Number of protein chains: 2
Amino acid sequence: MPPETLTPDRILEATEDVLRRYGPAKATVVDVARALGVSHGSVYRHFASKAALREAVTDRWLDQSHAELSALAAAEGPAGPRLRDWLAALFAAKRRKAGDDPELFATYMVLADENSTTVERHIRTMIEQLEQIIDSGVRRGEFTADDPAATARAVWDASGRFHDPAYAAQWSAPDIDDAFEAVCDLVVKGLRAHG
Amino acid sequence: MPPETLTPDRILEATEDVLRRYGPAKATVVDVARALGVSHGSVYRHFASKAALREAVTDRWLDQSHAELSALAAAEGPAGPRLRDWLAALFAAKRRKAGDDPELFATYMVLADENSTTVERHIRTMIEQLEQIIDSGVRRGEFTADDPAATARAVWDASGRFHDPAYAAQWSAPDIDDAFEAVCDLVVKGLRAHG
């Protein structure tokens with residue numbers, strides 16, 4: 001059997017393993033190549049530099065729940081429950097990442113600091129999905145929003161406690177789900193159109 | 001003229017100066033006493049321990065804008081504008097603290113970490129003031145809130161970006177005032193009663 005083809009995905013998997021094992025300060029491209037049983041030149045053919053590799057692995061981590069969230073944003077039906085589902089799916093994904101493997105989460109916090117452009121792009125995508133839900137609510141006569149882009153940003157900011165990793169330590173607090181529901185109530189009510 | 005009387009306030013002033021000068025890791029009660037020209041025994045007559053002194057100075061710092069905020073919370077008149085004014089006054093006070101003396105701000109971040117009970121008490125007071133405004137809005141028929149305490153907490157959480165020191169680095173961003181206004185719009189609309 002020929003050896004498995006070296007794909008960007010396999011390299012990113014191995015990079016995550018190496019980061020988990022050595023920590024973000026020590027992990028090198030040579031470690032990644034060694035873990036894959038290839039030369040570091042082979043890795044560089046896919047990622048031009050260590051920085052590019054670290055950026056790509058950050059991007060992949062941030063976008064882990066992208067498919068589920070973008071499907072919700074694009075779905076049909078009432079926008080209010082959809083917005084709640086979207087915020088709940090995002091919160092669940094973030095909690096999972098923070099809770100399942102706190103060390104890897106801490107590693108990605110370091111990578112996120114290094115790759116602020118990638119993080120900003122991710123946040124922009126998230127806010128665009130919120131805007132998509134708000135737009136559909138406005139079209140359905142469910143929501144009012146003079147400036148849906150600004151409103152989407154406000155919903156993002158107002159729900160920060162439930163997706164900003166700065167709050168990860170609070171995500172296992174006993175009252176966090178009640179707090180989440182209360183913010184959802186306030187935000188959805190704040191979007192409602194009234195005759 | 002007799003020497004100035006040693007009051008708790010004078011000690012706290014001096015403690016802040018000493019913290020600013022030596023940093024939170026190095027500042028001692030002896031430094032505070034020396035700055036005041038008194039014995040450390042005199043300081044201990046007012047504050048039983050170094051920890052008690054650090055807690056008191058943290059409390060004082062957190063409550064700096066307390067008078068202005070509690071006056072707003074207790075005022076008469078429409079609750080919507082009052083809520084905005086309250087959130088704006090809190091944001092302005094936090095920005096002032098973070099912007100005027102970033103080093104002292106960083107020092108107080110260290111103290112806040114040490115004194116989480118004091119910080120929690122401060123947050124409880126803030127949320128009670130929000131509840132007071134929401135209650136008065138409900139009494140005036142301006143707001144609806146099934147559970148004003150939970151709603152007050154939701155308003156606190158939703159406005160976190162504009163008072164949580166974790167976001168201090170963003171408070172000088174060019175779009176921060178627009179973001180603040182958009183969150184206020186959303187929150188106040190979320191509280192409005194509708195016939």
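The model shown is predicted, which means the values in this text are computed figures rather than measured ones.

**Let's talk about the overall build of chain A**
Each helix and strand in chain A was counted, giving 10 helices and zero strands. For chain A, the α and β elements follow one another from N to C terminus as α-α-α-α-α-α-α-α-α-α. Taken over the C-alpha atoms alone, chain A extends approximately 65 × 35 × 30 Å along its principal axes. Every one of the 195 residues in chain A was classed for burial, and the buried ones make up 47%. For chain A, the accessible area works out to roughly 9,600 Å², and carbon and sulfur atoms hold 53% of it. Across chain A, the centroid of the 23 positively charged side chains sits 4 Å from that of the 31 negatively charged ones.

**Details of the interface of chain B and chain A**
On the side of chain A, 22 residues touch chain B, which itself brings 22 residues to the contact. Ranking the residues of chain B by area buried against chain A places Asp 157, Leu 186 and Lys 189 of chain B at the top, with a combined share of 31%. Inspection of the chain B/chain A interface yields four salt bridges. In this assembly, chain B and chain A are joined by 10 residue pairs in polar contact (both at pLDDT 80 or more). Looking at the side of chain B that touches chain A, the element that brings in the most residues is helix α10 (residues 176-191) of chain B, giving eight residues. Residues belonging to the side of chain B that touches chain A are distributed by class as follows: 12 nonpolar, three polar and seven charged.

**Focus on the nonpolar core**
If you look at the biggest cluster of nonpolar residues, it comprises 118 residues, and the most contacted ones within it are Leu 83 and Trp 86 of chain A together with Leu 83 and Trp 86 of chain B. In contact with Trp 86 of chain B, not counting residues within four places along its chain, are Leu 69, Leu 72, Ala 73, Met 126, Gln 129, Leu 130, Ile 133 and Trp 156 of chain B.

**Focus on the UniProt feature "domain: HTH tetR-type" (unreviewed entry) in chain A**
In this numbering, the UniProt entry assigns the feature "domain: HTH tetR-type" (unreviewed entry) to residues 5-65 of chain A. The straight-line gap between the two end C-alpha atoms of residues 5-65 of chain A is 26 Å; of that span, 70% is helix and 0% is strand.

**Quick look at the relation of the copies chain B and chain A**
Screw-axis analysis of chain B against chain A gives a translation of 0.0 Å along the axis, an RMSD of 0.0 Å, and a rotation angle of 180°. Expressed as an axis order, the relation between the two copies is that of a two-fold axis. A share of 100% of the interface residues of chain B reappears at the interface of chain A, consistent with the copies meeting face to face through the same patch.

**Looking at the UniProt feature "DNA-binding region" (unreviewed entry) in chain A**
Here, the residues flagged by UniProt with the feature "DNA-binding region" (unreviewed entry) are residues 28-47 of chain A. Split by type, residues 28-47 of chain A is 75% helix and 0% strand. Its first and last C-alpha atoms lie 13 Å apart.

**As for the domain arrangement of chain A**
Residues and elements named next belong to chain A. For chain A, the assigned domains read domain 1 (8-60) and domain 2 (64-191). Centre-to-centre separation of domain 1 and domain 2, based on C-alpha positions: 29 Å. Taken residue by residue, the interface counts 11 residues in domain 1 and 12 residues in domain 2. Buried area between domain 1 and domain 2, both sides added, is near 1,100 Å², and the carbon and sulfur share of it is 51%. Applying the counting criterion to the domain 1 and domain 2 interface returns four salt bridges.

**Looking at helix α9 (residues 148-158) of chain B**
Counting buried residues along α9 of chain B, eight of its 11 residues qualify, which places the element largely inside the surrounding structure. When α9 of chain B is considered as a whole, its buried residues turn out to be Pro 148, Thr 151, Ala 152, Ala 154, Val 155, Trp 156, Asp 157 and Ala 158 of chain B. Turning to α9 of chain B, the residues buried within the fold contact α9 (148-158) and α10 (176-191) of chain A together with α6 (79-100), α8 (116-139) and α10 of chain B.

**Points about the side chain of Gln 129 of chain A**
For Gln 129 of chain A, the location among the structural elements is in helix α8 (residues 116-139). When sequence neighbours within four positions are dropped, the list of residues in contact with Gln 129 of chain A reads His 66, Leu 69, Ser 70, Ala 73 and Trp 86 of chain A.

**A look at the environment of Leu 87 of chain A**
Residue and element names in this part refer to chain A. Mapping Leu 87 onto the fold places it in helix α6 (residues 79-100). Spatially, the C-alpha atom of Leu 87 lies 8.1 Å from that of Cys 184, the residues being 97 residues apart in sequence. Those residues in contact with Leu 87, other than ones at most four positions away along the chain, are Leu 130, Ser 159, Phe 180 and Cys 184.

**Let's talk about the side chain of Thr 107 of chain A**
In this fold, Thr 107 of chain A is placed in helix α7 (residues 102-114). Owing to a relative accessible area of 7%, Thr 107 of chain A belongs among the buried residues under this scheme.

What counts, and where the lines are drawn
- Residue numbers restart at each chain and count upward from 1, following the sequence in its written direction.
- Naming scheme: in the order in which they are written, chains are lettered from A and ligands are numbered from 1.
- Given that the model is predicted, a residue must reach a pLDDT of at least 70 before its local features are reported, and side-chain atom pairs must reach 80 or more before they are shown or counted; all residues, however, enter totals for whole chains, interfaces and linings.
- As a rule here, side-chain values cover all heavy atoms of the structure and leave hydrogens and water aside.
- Going along the chain from the N terminus, every DSSP run of H or I of four or more residues is numbered as a helix, and every run of E of two or more is numbered as a strand.
- Using a 1.4 Å probe on the protein chains alone, a residue whose accessible area is under 20% of its type maximum counts as buried, one over 50% counts as exposed, and one in between counts as partly exposed.
- The Shrake-Rupley method, run with a 1.4 Å probe, gives the accessible areas here. Residue values count only the displayed protein chains as cover.
- Under the counting rule used here, the positive set is Lys and Arg, the negative set is Asp and Glu, and His together with the chain ends is not counted.
- The atoms used to mark charge sites are NZ of Lys, CZ of Arg, CG of Asp and CD of Glu.
- What makes two residues a contact is simply this: any of their non-hydrogen atoms within 4.5 Å.
- What counts as buried area is the accessible surface, traced by a 1.4 Å probe, that two parts surrender upon association, with contributions from both included.
- Salt-bridge detection follows one rule: a side-chain nitrogen of Lys or Arg within 4 Å of a carboxyl oxygen of Asp or Glu.
- Pairing of N or O atoms within 3.5 Å defines a polar contact, subject to two protein rules: one partner must be a possible hydrogen donor and the other a possible acceptor, and residues neighboring in sequence count only if both atoms are side-chain atoms.
- Asp, Glu, Lys and Arg are counted as charged, while Ala, Val, Leu, Ile, Met, Phe, Trp, Tyr, Cys and Pro are counted as nonpolar; the rest, among them Gly, fall into the polar class.
- As used in this record, nonpolar core signifies buried Ala, Val, Leu, Ile, Met, Phe, Trp, Tyr and Cys residues forming a set joined through side-chain atoms within 4.5 Å.
- UniProt positions are given in the numbering used here, feature names are shortened, and annotations may be inferred rather than shown by experiment.
- The copies were overlaid by least squares, fitting only the C-alpha atoms of residues that reach a pLDDT of 70 or more in each copy.
- Domain start and stop points were drawn from an automatic or database domain assignment.

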